[in-house]
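Single-letter residue listing:
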Amino acid sequence: MHSALTLTPAQLPDLLLHVAVVRPVFVWGAPGIGKSSLVRAFADSLGLPCVTLVGTQLAAEDLIGVPELRDGRSRFAPPESIARAEPYCLFLDELNASSPDVQKAFYSLILDRRIGEYELPEGSIVIGAGNRATDNALARPMASALVNRLLHLHLRASAVDWLDWAAGAGIHPWVLDYLTQRPDQLWVQPPKTEEPFSTPRAWHMLSDALRSYGDDIAEDTLRLLAGGTLTPAHASGFCAYVKTVRHRYGLDAIIRGDASWPRAVTDRDLLFFFAEAFRARLVHDLPDSREHASRAVRDFAMRAKGLLVELAELSLECAQLVVAADAEGRPVLPAWFLVEVTRDLPRLVAART
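What counts, and where the lines are drawn
- Residues numbered from 1 in each chain as written.
- Predicted model: local features only at pLDDT ≥ 70, side-chain atom pairs only at ≥ 80, totals over all residues.
- Heavy atoms only, no water.
- Salt bridge = Lys/Arg side-chain N within 4 Å of Asp/Glu carboxyl O.
- Helix = DSSP H or I, 4+ residues; strand = E, 2+ residues; numbered from the N terminus.
- Buried < 20%, exposed > 50% of the residue type's maximum accessible area, 1.4 Å probe, protein only.
- Axes fitted to C-alpha atoms, helices over the stretch in contact; angles between N-to-C directions.
- Parallel < 35°, antiparallel > 145°, perpendicular 65-115°, else oblique.
- Left-handed = near helix turned anticlockwise from the far one by under 90°.
- Contact = heavy atoms within 4.5 Å.
- Nonpolar A, V, L, I, M, F, W, Y, C, P; charged D, E, K, R; others polar.
- Pairing = 2+ DSSP bridges.
- Phe/Tyr/Trp six-rings, centres within 6.5 Å; stacked < 30°, edge-to-face > 60°.
- Lys NZ or Arg CZ within 6 Å of the ring centre and 35° of its normal.

Details of the pattern of salt bridges
Next, step 1: According to the stated counting rule, one finds 16 salt bridges in the structure shown.
Next, step 2: Asp-101 is the partner of Lys-104 in a salt bridge, and the nearest nitrogen-oxygen pair spans 3.8 Å. Here Asp-101 and Lys-104 lie together in helix H4 (residues 100-111), a separation of three residues that amounts to about one turn.
Next, step 3: On the basis of relative accessible area, Asp-101 is assigned to the partly exposed category, the value being 48%.
Next, step 4: Arg-281 is paired through a salt bridge with Asp-252; the nearest N and O atoms lie 2.7 Å apart.

Here it is in structure tokens:
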């Protein structure tokens with residue numbers, strides 16, 4: 001299921017506060033963007049215990065319960081984890097990954113808030129969550145009868161929200177600083193192959209591992225940890241960033257002229273990292289129109305062209321990366337700057353096209 005209308009993690013609690021208290025809600029989103037954590041945090045904010053049922057780990061009888069005899073009659077006794085006397089948040093995680101029989105067992109619980117003779121206590125809330133089939137995650141089609149019993153919200157990853165949260169959550173400074181510079185690398189679409197990929201959860205795992213090792217972690221170990229949690233290109237960029245931190249060597253020093261582009265063969269990853277960071281700096285600092293550029297910005301553009309010449313002498317591939325168009329072939333850097341680059345560095349543009 002997809003929707004053109006999405007919301008960020010920071011927007012979700014307010015919607016749940018107004019909707020989940022009166023109707024059951026289903027939260028859709030890609031793996032690793034924090035759906036489960038957000039639901040548990042929302043339940044905590046209401047002072048409600050959160051009972052989590054994972055759809056992939058359930059059989060129908062786990063919900064309906066087992067038959068028992070009472071006064072000569074049989075009845076189903078729902079499990080103790082569900083049949084509670086006090087209100088609570090019932091969180092149905094991976095609901096759309098459960099079997100059709102389990103999904104059907106949820107019908108009355110979601111719509112009528114009851115299983116057999118047991119009814120959820122007044123003040124209880126029901127929230128489901130799941131991944132989409134397009135995320136290459138385990139997901140089964142949800143029956144229309146179940147779809148129609150839920151209000152559907154579509155969650156997207158937000159670097160702004162995550163960084164705001166991370167600043168007070170003990171996330172390792174290397175991770176926090178790197179994603180502040182490269183927020184586009186917080187999350188990527190899950191790959192079609194079985195390999196690590198970057199998500200808020202993956203960055204959090206890497207942060208925990210770094211905390212465990214400490215800042216004197218060996219470079220080889222750092223590469224293993226980053227490569228085991230992140231998209232390969234992001235892992236390489238992060239390791240290069242850590243190298244700059246350890247050597248107090250950064251892009252600002254290169255722009256000022258206090259340092260030069262890395263030249264050692266062993267610093268090839270560092271050169272690519274600086275090229276990507278340089279491209280991001282140009283996108284951020286250069287206005288769309290030259291007329292809107294201040295004297296300081298024009299001086300920066302002149303310095304940038306000189307740095308591109310130096311970079312092209314070291315690696316034409318890295319220099320091409322700086323001026324490359326986006327995935328759809330549209331220029332990323334301002335046209336006026338690209339015109340000047342074309343004039344001063346024609347071989348770079350010729351190679352790019």
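Let's talk about the packing of helix H13 (residues 295-314) against helix H15 (residues 335-344)
Next, step 1: Running from N to C, H13 and H15 cross one another at 45°; their axes reach a closest spacing of 11 Å. In terms of orientation, H13 lies oblique with respect to H15. Between H13 and H15 the crossing geometry is right-handed. Contact with H13, carried on its side by Ala-301, Ala-304, Lys-305 and Leu-308, involves Trp-336, Phe-337, Glu-340, Val-341, Arg-343 and Asp-344 of H15 and no other residues of that element.
Next, step 2: Partitioning the contact of H13 with H15 into residue classes produces six nonpolar, no polar and four charged.

Brief notes about the environment of Asp-208
Next, step 1: Structurally, Asp-208 is set in helix H8 (residues 200-213).
Next, step 2: Considering only alpha carbons, one finds Asp-208 and Gly-170, 38 residues apart in sequence, at a separation of 9.0 Å.

Section: the sheet that holds strand S5 (residues 89-93)
Next, step 1: The five strands are arranged S2-S5-S8-S1-S9 in an open sheet whose pairing can be described as parallel. Two strands in the sheet have a free side with no partner beyond their single neighbour: strand S2 (50-54) and strand S9 (151-154). Neighbour-to-neighbour, the strand axes of the sheet open up by a mean angle of 20°, direction not taken into account.
Next, step 2: As judged from the four bridges shared by strand S1 (residues 25-28) and S9, these two strands associate in the parallel manner. Paired with Phe-26 across the bridge in S9 is His-152.

Describing the packing of aromatic side chains
Next, step 1: On inspection of all chains with the given rule, the structure shows 11 aromatic pairs.
Next, step 2: Here the aromatic rings of Tyr-178 and Phe-238 are separated by 5.6 Å at their centres, their planes lie at 85°, and the arrangement is edge-to-face. One end of the pair, Tyr-178, is in helix H7 (residues 173-181); the other, Phe-238, is in helix H10 (residues 232-246), and 60 residues separate them in sequence. The two residues Tyr-178 and Phe-238 agree in class, both being buried.
Next, step 3: With 6.2 Å between their ring centres and 25° between their planes, Tyr-178 and Phe-273 make a pair best called stacked. With Tyr-178 in helix H7 and Phe-273 in helix H12 (residues 268-285), this residue pair connects regions lying 95 residues apart in the sequence. Per residue, the accessibility class of Tyr-178 equals that of Phe-273, and both read buried.
Next, step 4: Three or more aromatic residues link up through ring pairs in this structure, and these residues are Tyr-178, Trp-203, Phe-238, Tyr-241, Phe-273 and Phe-274.
Next, step 5: A cation over an aromatic ring shows up here: Arg-84 above the ring of Tyr-88, its NZ or CZ 5.7 Å from the ring centre.

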